[in-house]
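Structural description and commentary
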Amino acid sequence: MKLYILFLSFLAAEAFVVPARRSSAVTFLREQPDEEAAESSHEEIKAYRSQLSSNAERSSDKPIDVVMKFGGSSLANLERIDHVAHLIQDQISYGYRPRAIVCSAMGKTTNSLLSAGDFALEGRVNIDAIRTLHTSTMKAFDMPESTVKEVTELLQECEDMLNGVRLIQELSPKSLDQLVSYGERCSVRIMAARLNQIGVPAQAFDAWEVGVLTSAEFGDARLLPSAEKAIRDAFDKIDPNIVAVVTGFIGHDPKKRITTLGRGGSDLTATALGSALALDEIQVWKDVDGILTSDPRLVPNAQPVSDVSYEEAAELAYFGAQVLHPVAMQPAMKKNVPVRVKNSYNPVAPGTIIQHEKVNDRLVTAITYKRAIKMMDLHSTQMLGAYGFLARVFSEFEKHKLSVDVLASSEVSVSLTLDKKQDSAEIDGLVKDLEGYADVVLEENKSILTLIADVERSSEVLATVFRVFSMSGIKVKMMSQGASKVNISFVVDDDELERAVLELHKCFFEDECSVPLAKSKAPAAMAAP
C-alpha cells in the first residue's frame, strides 16, 4: 500500500463553499487596496471592537490580538506567498496584531514528500520538484542569503534522509513524521523572509520552539497538557510586535523527536496557540468563504452562514463540511476563544465565526450529507434483553475496530450506518460474528442527510421535512436525532439524496418551498374560572 494512504486523512478536506475568483495575473507590484473593500474592513474592525467592549472595558486603540493560520492552497506558489504576506500587512493596518502566523507546507509539498518516501523504498531518490518550488520562490523574491542557506540545508537534509530510506528499505512512522516536517519548516522560513522584505518584522519558528509539545504517537500525536504553559512561556520572550511565523502540523515529543498532529493538525496548532495566549480571535484562512448552508456543487443557491456554535461546527465537520476538524476546535472551546474561518482569496468576505453560542436564531443552519454509506439492521434471535443484546453488538464493533455514524435502537433491534471508509473485510467479519445471535441485513448505496438545526423546534423541522419527502416520493430508511441536540439525520437511497437536499434547501433557505412551512403554535390561553 502506498505511503501516501497513511497520511491521506491528514490533508485538508473540501468544505461547503462557493469557489472564490482567483486572479491569473502574476505580479509583485500590488495595486492599492480597493477603497470600498478597505472601508468594509474598517467597518468590520469597528464592529468587532464594539462587540469586545461590550464584555470588558477596552481602549479603542488597542489592537486585536489574533493568530492567523494559512493552509497549503493559500501558500501554493510564489504568487500566493506574496499575496498572503501583503494580506497580513493589510490586516495589521486594519488594527489586527498577529501574534503568530501558522503555516502549512507550500501547495502539495506534503503529498510530494510522501511520494518521495514511496520512491525511496523502491530505490529511487528525487526531490527536484520540491527543491525547484522552494528555490525558485526564494530567487524570485531575491531573499537574503541567510534564508536561502537555511532552506537549502533543510532540503539537503531531506534528501540525505531519503537516501537512508533507500539503503535500509524501511520508513517507520517516526521517520515518516520527520520526512513530512520538511514542508512546513521550509514554508515558514520563506514566509517570514517575505514579511520582513515588505516591512513587517517577522521571525520563523519551528513549533517546538514555541512550546508545541506532544505525545509520542507518531502520525497522530496529541498535545500534552504541559504545552499550554510552554507556549505562554515561549511567547513571553517574543516581542508582541514581531510576527512569529510558526510551523503547523508538527511538534516535539518528550524526547525531542518530531511528531505530527494528525488530521486537522495545522488548525490544531493555531487553536492551541490562540487559546494558550488567550487571544481575541483565531483566524483560519483557507481558499473558501467559510461555511455555507449546503454544498454549492450540489446546491447552486447555497448561502454563507455568518456564525455557528462550536457544537454545530463539530457536527458539520463530522457529516462532511470539514472546514475545521472537531479536534482542532477543542482548545478554543476550552478557553472560549472565537474561531473565524476566512478566505485568503477573498479577504473582504466576513467569513464564518465559530463560538460558544450562535448569534442568529435559525430554524436550520445547514444541510450536509454523506454518500455511499452502508446501513445495517440487526434483530436479536435470542432472549438477551436490551442490555445483553446491545452489549454484545457493541463489543463486536470494538473487536473489528468499526465505528458507527448514525444509530437507532429498540430493546432487541438496532439500525446503524457505516461509511465507505470502513474496512470491507472487517465488515464481513462483523456480519459473520453477529449472525450467531441476530438476523443481519446489510444494505448498500445509502446516504445520510443531516440537518444542523434547532432541535428544540424539532417538531417544526420534522413536519416540514416529512411533507417535502412525501410530496417528492422520498422514502426514509432510518432517522436519528443526535445526542448533541443540534442535528437530525435521515438515511435515504443514494439516488434520492440530491432531490432531497435541493427540495429541503428551497424550503429552509430560499423561500421556494413546495409545501407550506410548518410553524409552532403558542399554547392556547386557559379560560378564567
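See the structure shown above.
Below: a short report on this structure. (Residues numbered from 1 in each chain as written. Predicted model: local features only at pLDDT ≥ 70, side-chain atom pairs only at ≥ 80, totals over all residues. Heavy atoms only, no water.)

1. Describing the packing of aromatic side chains
For clarity, the threshold we go by: For Phe, Tyr and Trp, where Trp contributes only its six-membered ring, two rings pair if their centres lie within 6.5 Å, and the inter-plane angle classes them as stacked under 30 degrees, edge-to-face over 60, or tilted in between. Helix numbers and strand numbers start at the N terminus; a helix is a DSSP run of H or I with at least 4 residues, a strand a run of E with at least 2. Between buried and exposed lies partly exposed: a residue is buried under 20% and exposed over 50% of the maximum accessible area for its type, with that area taken using a 1.4 Å probe on protein chains only. Two thresholds decide whether a charge sits over a ring: the Lys NZ or Arg CZ must be within 6 Å of the ring centre and within 35 degrees of the ring normal.
Per the counting criterion, the structure on display carries 4 aromatic pairs. With a centroid separation of 5.8 Å and 25 degrees between ring planes, the pair formed by F70 and W285 is classed as stacked. In this pair, F70 is assigned in strand β1 (residues 64-70) and W285 in strand β7 (residues 281-286), connecting sequence segments 215 residues apart. In this structure, F70 and W285 share a single accessibility class: buried. With a centroid separation of 5.7 Å and an interplanar angle of 85 degrees, the aromatic rings of F469 and F490 are classed as edge-to-face. Here F490 lies in strand β16 (residues 487-493) and F469 lies in helix α14 (residues 458-472), a separation of 21 residues in the sequence. Taken together through their ring pairs, the aromatic side chains of F466, F469 and F490 make up a single cluster. One residue, R80, lies across the ring of Y345, its end atom 3.6 Å from the ring centre. The ring of Y437 has R392 lying over it, and the distance from NZ or CZ to the ring centre is 3.8 Å.

2. Some points on the sheet that holds strand β11 (residues 364-380)
Working definition: the strands of a sheet are paired by backbone hydrogen bonds and lie parallel or antiparallel to each other. Which entries qualify depends on this criterion: By this definition, two strands are paired if DSSP reports at least two bridges between them. Whenever a helix is involved, its axis is fitted only over the stretch in contact; in every case the axis is a line through C-alpha atoms, and angles between N-to-C directions fall within 0 to 180 degrees. The contact criterion used is simple: two residues touch if any of their non-hydrogen atoms lie within 4.5 Å.
Strand order in this open sheet of 6 strands is β12-β13-β11-β14-β16-β15, and the pairing throughout is antiparallel. The sheet is open, and its two borders are formed by β12 (407-409) and β15 (478-481), each paired with just one other strand. Pairs of neighbouring strands in the sheet enclose a mean axial angle of 25 degrees, with direction left out of account. Note that β12 and strand β13 (residues 413-418) share 3 bridges and pair antiparallel. Directly across from A408, in β13, lies its bridge partner S415. The sheet strands contacting helix α10 (residues 310-318) are β11, β14 (438-453) and β16, and the helix crosses β11 at an angle near 60 degrees. Against the sheet, α14 touches β11, β14, β15 and β16, its axis set at about 15 degrees to β16.

3. Regarding the packing of helix α4 (residues 109-121) against helix α7 (residues 173-197)
The test is simple: Definitions for this section: a left-handed crossing has its near helix turned counterclockwise from the far helix by less than a right angle. A right-handed crossing has that turn clockwise. Each residue gets one of three labels, nonpolar for Ala, Val, Leu, Ile, Met, Phe, Trp, Tyr, Cys and Pro, charged for Asp, Glu, Lys and Arg, and polar for the others, Gly among them.
Contact pair α4 / α7: the axes reach a minimum separation of 9 Å and the direction vectors enclose 145 degrees. Helix-helix and strand crossings are classified by hand; for α4 and α7 the assignment is right-handed. Across from T109, T110, L113, L114 and G117 in α4, the residues of α7 making contact are L176, L179, V180, Y182, G183 and E184. Across the contact of α4 with α7, the residue classes break down as 6 nonpolar, 4 polar and 1 charged.

4. Let's talk about the sheet that holds strand β9 (residues 339-343)
The strand order across the open sheet built from 8 strands is β3-β4-β2-β1-β7-β9-β10-β8, with neighbouring strands paired in mixed fashion. Two strands in the sheet have a free side with no partner beyond their single neighbour: β3 (202-205) and β8 (307-309). Averaged over all pairs of adjacent strands, the angle between their axes in this sheet comes to 25 degrees, without regard to strand direction. On top of the sheet, α10 reaches β8, β9 and β10 (352-355); it is set at about 90 degrees to β8, its chief contact.

5. Observations concerning the nonpolar core
The nonpolar side chains of a soluble globular protein tend to be buried, and buried together. Put simply, the rule is: Nine residue types can take part in a nonpolar core, namely buried Ala, Val, Leu, Ile, Met, Phe, Trp, Tyr and Cys, and a core is a set of them joined through side-chain atoms within 4.5 Å.
Counting 93 residues, the largest nonpolar core has L195 and V245 as the members making the most contacts within it. Take this core: its biggest share by element is 11 residues, from α7. In contact with V245, other than residues within four places in its own chain, are I101, C103, V188, M191, A192, L195, A202, Q203, A204 and F205. With 29 residues, the next largest nonpolar core counts L292, V299, L497 and V501 among its residues.

6. Points about the state of the cysteines
Put simply, the rule reads: Disulfides are defined as pairs of cysteine sulfur atoms found within 2.5 Å of each other.
By the definition in use, this model includes 1 disulfide. Each sulfur of the disulfide joining C507 and C513 lies 1.8 Å from the other. Disulfide C507-C513: the torsion about the S-S bond is 70 degrees, which places it as right-handed. Residue C507 is classed as buried on the basis of its relative accessible area of 2%. Unpaired in this structure, C158 has its nearest cysteine sulfur neighbour in C186, at a distance of 7.8 Å. Residue classification places C158 among the buried positions, given a relative accessible area of 1%. Residue C186 is classed as buried on the basis of its relative accessible area of 1%.

7. Some details on unusual backbone geometry
In this structure, A278 is a non-glycine residue whose phi angle is positive, near 50 degrees. Structurally, A278 can be placed in the loop between α9 (265-276) and β7. In this structure, K401 is a non-glycine residue whose phi angle is positive, near 55 degrees. Looking at the element boundaries, K401 is found in the loop between α12 (385-399) and β12.

8. A word on the pattern of salt bridges
Convention followed: Counted as salt bridges are all cases of a side-chain nitrogen of Lys or Arg within 4 Å of a carboxyl oxygen of Asp or Glu.
Scanning the model with the defined rule gives 29 salt bridges in all. Salt-bridge contacts for K335 lead to E228; the nearest nitrogen and oxygen are separated by 2.6 Å. Residue K335 is found in helix α11 (residues 326-335), and its partner E228 is found in helix α8 (residues 227-236); the two are separated by 107 residues along the sequence. Owing to a relative accessible area of 33%, K335 belongs among the partly exposed residues under this scheme. Exposure remark for E228: the relative accessible area of 25% places this residue in the partly exposed category. A network of salt bridges, in which partner residues are shared, links E228, R232, K334 and K335.

9. Considerations on the environment of P347
By the element assignment, P347 lies in the loop between β9 and β10. In this structure the C-alpha to C-alpha distance between P347 and D90, which are 257 residues apart in sequence, comes to 9.8 Å.

10. Some details on the pairing of β14
With 13 bridges connecting them, β11 and β14 associate as antiparallel partners. For V364, the partnering residue across the bridge sits in β14 and is A453. Relative to β16, β14 runs antiparallel, the two sharing 7 bridges. Across the sheet, the residue bridging to S447 is V492, located in β16.

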